[in-house]
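# Observations on the three-dimensional arrangement
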Amino acid sequence: MAACKAFMMKTIDEALEHWGEGWESIEEYGDTAYNHPLHTWDEGQRKLRRCISCGGYILCQWSEFHSLTDDSDSYYTDFFPVEGPEEADELNYKYNGFQIESQFPKRYLCITNGRYHWAGSSEE
C-alpha cells in the first residue's frame with residue numbers, strides 16, 4: 001500500500017489534475033474517535049479515500065466554523081497522505097483535529113474557504 005502520488009507533485013495544479021478522476025471511499029470515521037474530535041471547530045469528520053488515478057491513500061478531514069456574527073461560516077478541508085487504513089487509524093488515535101494540522105510530519109494539502117495551499121513539511 002502507498003500514499004497518493006499527488007503529495008509528491010510540485011504544484012497544487014498538478015495534484016488537482018492527478019485527482020481529476022476522483023477517489024473511492026474506503027472508510028468513514030465520523031466526527032469522533034478515541035475520545036477526541038476528528039475535526040477542528042464546530043462540525044466535521046474524517047474519511048479514508050483511495051485515489052482512482054494511482055491507487056494511493058488519502059486521509060481527508062473536513063471542518064466547519066459557525067460564525068457567531070453576520071459573517072459567513074468558514075470551511076476547512078485537509079488531505080493527508082497515508083500508506084493505508086492502518087496508518088489512517090493510527091493518526092485518528094494519535095491526533096485530534098487541531099493536533100493533526102500542527103503536528104503531521106509530512107506535507108499535506110489544505111483548502112480554506114476555497115483557497116488551496118500546501119501545509120506541513122516538504123521533507124519526508
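Residues numbered from 1 in each chain as written. Predicted model: local features only at pLDDT ≥ 70, side-chain atom pairs only at ≥ 80, totals over all residues. Heavy atoms only, no water.

Let us now look at helix α2 (residues 85-94). Because each turn of an α-helix spans 3.6 residues, side chains separated by three or four positions end up pointing in the same direction. Of the residues making up α2, those classed as buried are E87, A88, L91 and N92. Each buried residue of α2 lies within a common arc of 145 degrees when the element is viewed along its axis, so the set occupies one face. Residues of α2 that are exposed and point more than 90 degrees away from the buried face comprise E86, Y93 and K94. (Buried < 20%, exposed > 50% of the residue type's maximum accessible area, 1.4 Å probe, protein only. Helix = DSSP H or I, 4+ residues; strand = E, 2+ residues; numbered from the N terminus. Arc of directions from axis to C-beta.)

Extensive coverage of strand β6 (residues 74-82) is indicated by the burial of 7 of its 9 residues. Pairing geometry for β6 and strand β7 (residues 108-112), over 4 bridges, is antiparallel. Its bridge partner being in β7, D78 is matched across the sheet by C110. (Pairing = 2+ DSSP bridges.)

This paragraph deals with a negative patch on the surface. On the surface, E27, E28, E86, D89 and E90 cluster together to form a negatively charged patch. Of all elements in the fold, only β1 (23-30) and α2 reach the threshold of two or more residues within the negative patch. Counting residues per element, the negative patch draws most heavily on α2, which supplies 3 residues. Following the sequence through the fold, E86 ends up in helix α2. A relative accessible area of 64% places E86 in the exposed class. (Patch = residues over 30% accessible without salt bridge, like charges linked within 9 Å, V, L, I, M, F, W, Y side chains within 5 Å. Areas by Shrake-Rupley, 256 points an atom, 1.4 Å probe, with all protein chains shown as cover. Salt bridge = Lys/Arg side-chain N within 4 Å of Asp/Glu carboxyl O. Lys, Arg positive; Asp, Glu negative; His and termini not counted. Charge placed at Lys NZ, Arg CZ, Asp CG, Glu CD.)

Strand order across the open sheet formed by 6 strands is β1-β4-β5-β6-β7-β8, with antiparallel pairing between neighbours. Edge positions in the sheet fall to β1 and β8 (115-119), since each of these pairs with one other strand and no more. Taking each pair of neighbouring strands and ignoring which way they run, the sheet shows an average axis angle of 20 degrees. Relative to strand β5 (residues 57-65), strand β4 (residues 43-51) runs antiparallel, the two being bridged by 8 bridges. Of the residues in β5, the one forming a bridge with R50 is Y57. (Axes fitted to C-alpha atoms, helices over the stretch in contact; angles between N-to-C directions.)

Our focus in this paragraph is the state of the cysteines. Scanning the model with the defined rule gives 0 disulfides in all. Cysteine C51 shares no disulfide, and the gap to the nearest cysteine sulfur, in C4, comes to 3.8 Å. Sulfur of C54: no disulfide; nearest cysteine sulfur belongs to C4 and is 3.8 Å away. Under the relative-accessibility criterion, C54 is labelled partly exposed at 27%. (Disulfide = S-S within 2.5 Å.)

Treat this as a map of the structure, not an account of what it does.
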